[in-house]
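Listed below are the residues making up each chain.
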Amino acid sequence: MAASPGAGRLLTVPLLLDGPLSEVAVRGAAGRLLGGYGTRGTFGPLVWEDDRTALITVYGVRRTAVVRCTVAGPAEDRTCERATRLIPTPGL
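Residues numbered from 1 in each chain as written. Predicted model: local features only at pLDDT ≥ 70, side-chain atom pairs only at ≥ 80, totals over all residues. Heavy atoms only, no water.

Brief notes about the sheet that holds strand E4 (residues 33-38)
Part 1 of the argument: Pairing is antiparallel in the open sheet, where four strands are placed in the order E1-E2-E3-E4. At either end of the open sheet lies a strand with only one pairing partner, and these are strand E1 (2-3) and E4.
Part 2 of the argument: Examined bridge by bridge, strand E2 (residues 9-12) and strand E3 (residues 23-28) share four bridges and lie antiparallel to one another. Counterpart to Leu11 in the pairing with E3 is Val26. (Pairing = 2+ DSSP bridges. Helix = DSSP H or I, 4+ residues; strand = E, 2+ residues; numbered from the N terminus.)

In structure tokens, the structure reads:
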């Protein structure tokens with residue numbers, strides 16, 4: 001769904017998705033799984049801030065925010081933090 005600026009990493013979603021988008025995988029250019037993220041809510045737009053950092057919109061039942069996730073380096077360095085303030089989740 002989204003390639004990093006240097007095209008070395010991809011954000012992907014399951015091919016046969018039936019229902020809300022609740023899983024995102026991070027893959028290397030050769031397709032190797034580097035990590036993944038899940039939510040009980042729904043993911044929105046997936047974009048890259050730079051080659052090592054993804055910005056993912058997370059829609060909860062009541063609140064929504066953009067989350068910044070570091071997707072490169074050792075597993076213990078791959079973290080996520082809220083990048084925007086919480087806002088009410090828009091009606092779908």
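Description of the pattern of salt bridges
Part 1 of the argument: Counted under the stated rule, the structure contains two salt bridges.
Part 2 of the argument: Between Glu49 and Arg68 there is a salt bridge, with its nearest N and O atoms 3.0 Å apart. Of this pair, Glu49 sits in strand E5 (residues 42-50) while Arg68 sits in strand E7 (residues 63-70), placing them 19 residues apart in sequence.
Part 3 of the argument: Given a relative accessible area of 40%, Glu49 falls into the partly exposed group.
Part 4 of the argument: Judged by its relative accessible area of 25%, Arg68 falls in the partly exposed class.
Part 5 of the argument: Taken together, the salt bridges that share partners define one network made up of Glu49, Arg68 and Glu81. (Salt bridge = Lys/Arg side-chain N within 4 Å of Asp/Glu carboxyl O. Buried < 20%, exposed > 50% of the residue type's maximum accessible area, 1.4 Å probe, protein only.)

So, the state of the cysteines
Part 1 of the argument: Under the counting rule described, the total for this entry stands at one disulfide.
Part 2 of the argument: The residue that forms a disulfide with Cys69 is Cys80, at a sulfur-sulfur distance of 2.2 Å. Taking the sign of the S-S torsion, 110° for the link of Cys69 and Cys80, the bridge is right-handed. Here Cys80 lies in strand E8 (residues 80-82) and Cys69 lies in strand E7, a separation of eleven residues in the sequence.
Part 3 of the argument: For Cys69, a relative accessible area of 2% corresponds to the buried category.
Part 4 of the argument: With a relative accessible area of 41%, Cys80 lands in the partly exposed category. (Disulfide = S-S within 2.5 Å.)

Here we look at the side chain of Thr64
Part 1 of the argument: Here Thr64 shows up in strand E7.
Part 2 of the argument: You can call Thr64 buried: its relative accessible area is 4%.
Part 3 of the argument: Engagement of the side chain of Thr64 in a polar contact is seen with the side chain of Thr89, the distance being 2.8 Å.
Part 4 of the argument: Discounting residues that sit within four places of it in the chain, Thr64 has contacts with Thr57, Val58, Tyr59, Arg85, Leu86, Ile87, Thr89 and Pro90. (Polar contact = N/O pair within 3.5 Å; in protein donor to acceptor, adjacent residues only side chain to side chain. Contact = heavy atoms within 4.5 Å.)

Some points on the side chain of Thr12
Part 1 of the argument: With respect to the helices and strands, Thr12 occurs in strand E2.
Part 2 of the argument: Owing to a relative accessible area of 19%, Thr12 belongs among the buried residues under this scheme.
Part 3 of the argument: Once residues within four sequence positions are removed from consideration, Thr12 is found in contact with Met1, Glu23, Val24, Ala25 and Arg27.

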